[in-house]
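What follows is each chain in one-letter form.
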Amino acid sequence: TRGWLASPQILSNLLFGNPAAQPPTRGAIVNSEAFYRPFLEGVVQPNVGLVAQLVTIGELTVGVLLLLGLLTSLGAVIGIWLNLNYMLMKGLASNGGSVDRLFVVAELAFLVGAAGLVWGMDGLLRRPFGAIPVVRWLAGIRGERAPSGRGVAAAERG
């Protein structure tokens, strides 16, 4: 859907409904988790324009990071955060959140498996990323040990 960066109306209608629509809609807040509803009403609703922009930027960031395999752990963590919020917004027992649950499982696999190290930019940039501890974690690079009896340089050559 277009307009998430320019207009808060799309997110507002999705969450809180549109009484002017024919027929009027109630929005996702009706099914949201009870403990999450005050957050939606007290934080999201008054700042719906900012939240719509943050969601759009977050989705774009996750998509680019996971597609390129660049800082895959960061992309997976942001994706998990976004999808958990979507599930709470739709209600955990709702069938509308089933694809969100699937995405959380996939993002957990990316996080645990360090997916970007095989065919992604994390693997190509392993050496420079490995020198910076925070970036090393964000790229999913774990402490690697050379096989016994061989030096590090020999292990890197194969």
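This report concerns the structure included in the present document.

About the criteria used
- Residues numbered from 1 in each chain as written.
- Predicted model: local features only at pLDDT ≥ 70, side-chain atom pairs only at ≥ 80, totals over all residues.
- Heavy atoms only, no water.
- Phe/Tyr/Trp six-rings, centres within 6.5 Å; stacked < 30°, edge-to-face > 60°.
- Buried < 20%, exposed > 50% of the residue type's maximum accessible area, 1.4 Å probe, protein only.
- Patch = residues over 30% accessible without salt bridge, like charges linked within 9 Å, V, L, I, M, F, W, Y side chains within 5 Å.
- Areas by Shrake-Rupley, 256 points an atom, 1.4 Å probe, with all protein chains shown as cover.
- Salt bridge = Lys/Arg side-chain N within 4 Å of Asp/Glu carboxyl O.
- Helix = DSSP H or I, 4+ residues; strand = E, 2+ residues; numbered from the N terminus.
- Contact = heavy atoms within 4.5 Å.

### Considering the packing of aromatic side chains
Link 1 in the chain: Scanning the model with the defined rule gives one aromatic pair in all.
Link 2 in the chain: Each ring, one from Tyr-36 and one from Phe-39, has its centre 5.3 Å from the other, and the planes form 45°; the classification is tilted.
Link 3 in the chain: The class of Phe-39 is partly exposed, set by a relative accessible area of 35%.

### Notes on a nonpolar patch on the surface
Link 1 in the chain: Taken together, the side chains of Leu-60, Val-64, Leu-67, Leu-68, Met-121 and Leu-124 present a nonpolar region at the surface, about 620 Å² in accessible area.
Link 2 in the chain: Put simply, the parts of the chain that give the nonpolar patch at least two residues each are α3 (48–68) and α7 (121–124).
Link 3 in the chain: If one sorts the elements of the nonpolar patch by residue count, α3 sits on top with four residues.
Link 4 in the chain: The topology assignment puts Leu-60 in helix α3.
Link 5 in the chain: A residue is classified by how much of its surface remains accessible, and Leu-60, at 57% relative accessible area, is exposed.

### Some remarks on the side chain of Ser-73
Link 1 in the chain: Turning to its location among the elements, Ser-73 is positioned in helix α4 (residues 72–90).
Link 2 in the chain: Dropping the residues within four chain positions of it, Ser-73 is found in contact with Leu-111, Trp-137, Leu-138, Ala-139 and Gly-140.

### Thoughts on unusual backbone geometry
Link 1 in the chain: Of note, the phi angle at Leu-71 is positive, near 50°, even though the residue is not glycine.
Link 2 in the chain: For Ala-114, which is not a glycine, the phi torsion comes out positive at approximately 50°.
Link 3 in the chain: Looking at Ala-114, the relative accessible area reads 6%, which means it is buried.

### Remarks on the pattern of salt bridges
Link 1 in the chain: Within this structure, the stated rule accounts for one salt bridge.
Link 2 in the chain: Between Asp-100 and Lys-90 there is a salt bridge, with its nearest N and O atoms 2.8 Å apart. You can see Asp-100 sitting in helix α5 (residues 98–113) and its partner Lys-90 sitting in helix α4, a full ten residues away along the chain.
Link 3 in the chain: Exposure remark for Asp-100: the relative accessible area of 4% places this residue in the buried category.
Link 4 in the chain: The exposure class of Lys-90 is partly exposed, given its relative accessible area of 24%.

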